[in-house]
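Examining the three-dimensional arrangement
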There are 2 protein chains.
Amino acid sequence: MSKKLLSGCLVLALGAGYALTAFSQAKPEVLVKQRQSAMTLQLKYFLPLALMAQGKVPYDASVVTRNAAYLEVLTKMAWDGFVEGTKGEKTRALPAVYADPAKFKQAQDQLHAAVGALGAAAKGGNEAAVKAAVGDVNRACGGCHDNFRAKQ
Amino acid sequence: MSKKLLSGCLVLALGAGYALTAFSQAKPEVLVKQRQSAMTLQLKYFLPLALMAQGKVPYDASVVTRNAAYLEVLTKMAWDGFVEGTKGEKTRALPAVYADPAKFKQAQDQLHAAVGALGAAAKGGNEAAVKAAVGDVNRACGGCHDNFRAKQ
């Protein structure tokens, strides 16, 4: 690939805290921005399902199927941003994230399982099963939000 | 689902600009945050591929496969956030986004096509084909970044 590449997406990145030779060593503020972006999108696609489950908006099977599939992918994206080097950043992540990584990982795993079950329920097409699965995902969200995140 | 739901993800959202009864009417600043989050994650997963294509970091087929799959999903997420109601927000989106929606849509479609081709190349496992596809994605990024986004 030619140097023309640098005129596209990449040139932006080079000024934004990304290291060229060691991408995995992205700056702490970048890691925080990335993990918060994942959470923002998890909420974007989960909230309509939660509102459907509560009867606040009409049930829409096509939105359920799409959002559940998106959530299965998005749920994989935040975790590598929780590294010790980000402890100094202004975020709501509590020290427990780094002090009790096994429990933090367990909470992640529970969310993965719940989101996977939601995806399966969405494919199954049973509205009651979907709504129950949405509740389980919500509780799994709480597994981190209750124990690893400051309330405000 | 019980009201217990409100103790989880959702209670956060209710204070963050989301309308309960008309979710599609999320506040402009929320739509901007969501679309910027998608772009942040697109960059997170595209940059390593661009660096590989340039030979700046070692080629890693497993990262290529994973990131290409993520990008196929992420590329679907930003567009519904570009609505007229967000024109007053402080972003780098140019008026052309709303003045020339057909051209903006065409640029989106080109990115979808390029990212789809990257996904296919990643599955094919041919390193040269992947690197060429990465270049095509980068050019497709430019289709919006050159015409629909302020330089700084």
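Since this is a predicted model, take the numbers as computed values, not measurements.

What follows concerns the overall build of chain A. Looking only at helices and strands, chain A has six helices and zero strands in total. Going from the N terminus to the C terminus, chain A shows its helices and strands as α-α-α-α-α-α. In chain A, which comprises 152 residues, the share counted as buried stands at 46%. Residue pairs at least 24 apart in sequence account for 66% of intrachain contacts in chain A once pairs closer than 6 positions are excluded. Element-wise, carbon and sulfur atoms account for 57% of the exposed surface of chain A, whose accessible area totals about 7,300 Å².

Looking now at the environment of Ala69(B). Residue and element names in this part refer to chain B. Within the element layout of this structure, Ala-69 appears in helix H3 (residues 61-74). Looking at Ala-69, the relative accessible area reads 40%, which means it is partly exposed. Taking the C-alpha atoms as reference points, Ala-69 and Ala-133, separated by 64 residues in sequence, lie 13 Å from one another.

So, on to the packing of aromatic side chains. Between two aromatic rings, the relevant description is the distance of the centres plus the angle of the planes. Throughout the structure, instances matching the rule amount to 10 aromatic pairs over all chains. An aromatic cluster of at least three residues, connected via ring pairs, comprises Trp79(A), Phe82(A), Phe104(A) and Phe148(A).

Applying the stated criterion across every chain yields a total of 12 salt bridges over all chains. Measuring nitrogen to oxygen at the nearest pair gives 2.9 Å for the salt bridge that ties Asp109(A) to Lys105(A). In this pair, Asp109(A) and Lys105(A) are both assigned in helix H5 (residues 101-124), four residues apart and thus about one turn of the helix distant. Judged by its relative accessible area of 43%, Lys105(A) is partly exposed. For Lys87(B), the salt bridge identified is with Glu84(B), shortest N-O distance 3.4 Å.

What follows covers the confidence of the model for chain A. All names here are of chain A. Mean pLDDT over chain A works out to 88, with 84% of the residues at or above the 70 mark. Per-element averaging of pLDDT across chain A places helix H1 (residues 9-14) at the bottom with 52 and helix H3 (residues 61-74) at the top with 98. In this model, residues 1-7 is a region of pLDDT below 50 whose contacts with residues beyond four sequence positions or in other chains number 16 contacts. The ipTM assigned to the predicted complex is 0.88, against a pTM of 0.89.

All right, on to the side chain of Thr75(B) then. Residue and element names in this part refer to chain B. On the secondary structure map, Thr-75 appears in the loop between H3 and helix H4 (96-99). Exposure remark for Thr-75: the relative accessible area of 1% places this residue in the buried category. Among the polar contacts made by the side chain of Thr-75, one reaches the main-chain carbonyl oxygen of Leu-71 at a distance of 2.6 Å.

Conventions adopted
Residues numbered from 1 in each chain as written. Chains lettered and ligands numbered in written order. Predicted model: local features only at pLDDT ≥ 70, side-chain atom pairs only at ≥ 80, totals over all residues. Heavy atoms only, no water. Helix = DSSP H or I, 4+ residues; strand = E, 2+ residues; numbered from the N terminus. Buried < 20%, exposed > 50% of the residue type's maximum accessible area, 1.4 Å probe, protein only. Contact = heavy atoms within 4.5 Å. Areas by Shrake-Rupley, 256 points an atom, 1.4 Å probe, with all protein chains shown as cover. Phe/Tyr/Trp six-rings, centres within 6.5 Å; stacked < 30°, edge-to-face > 60°. Salt bridge = Lys/Arg side-chain N within 4 Å of Asp/Glu carboxyl O. pLDDT = per-residue confidence, 0-100. Polar contact = N/O pair within 3.5 Å; in protein donor to acceptor, adjacent residues only side chain to side chain.

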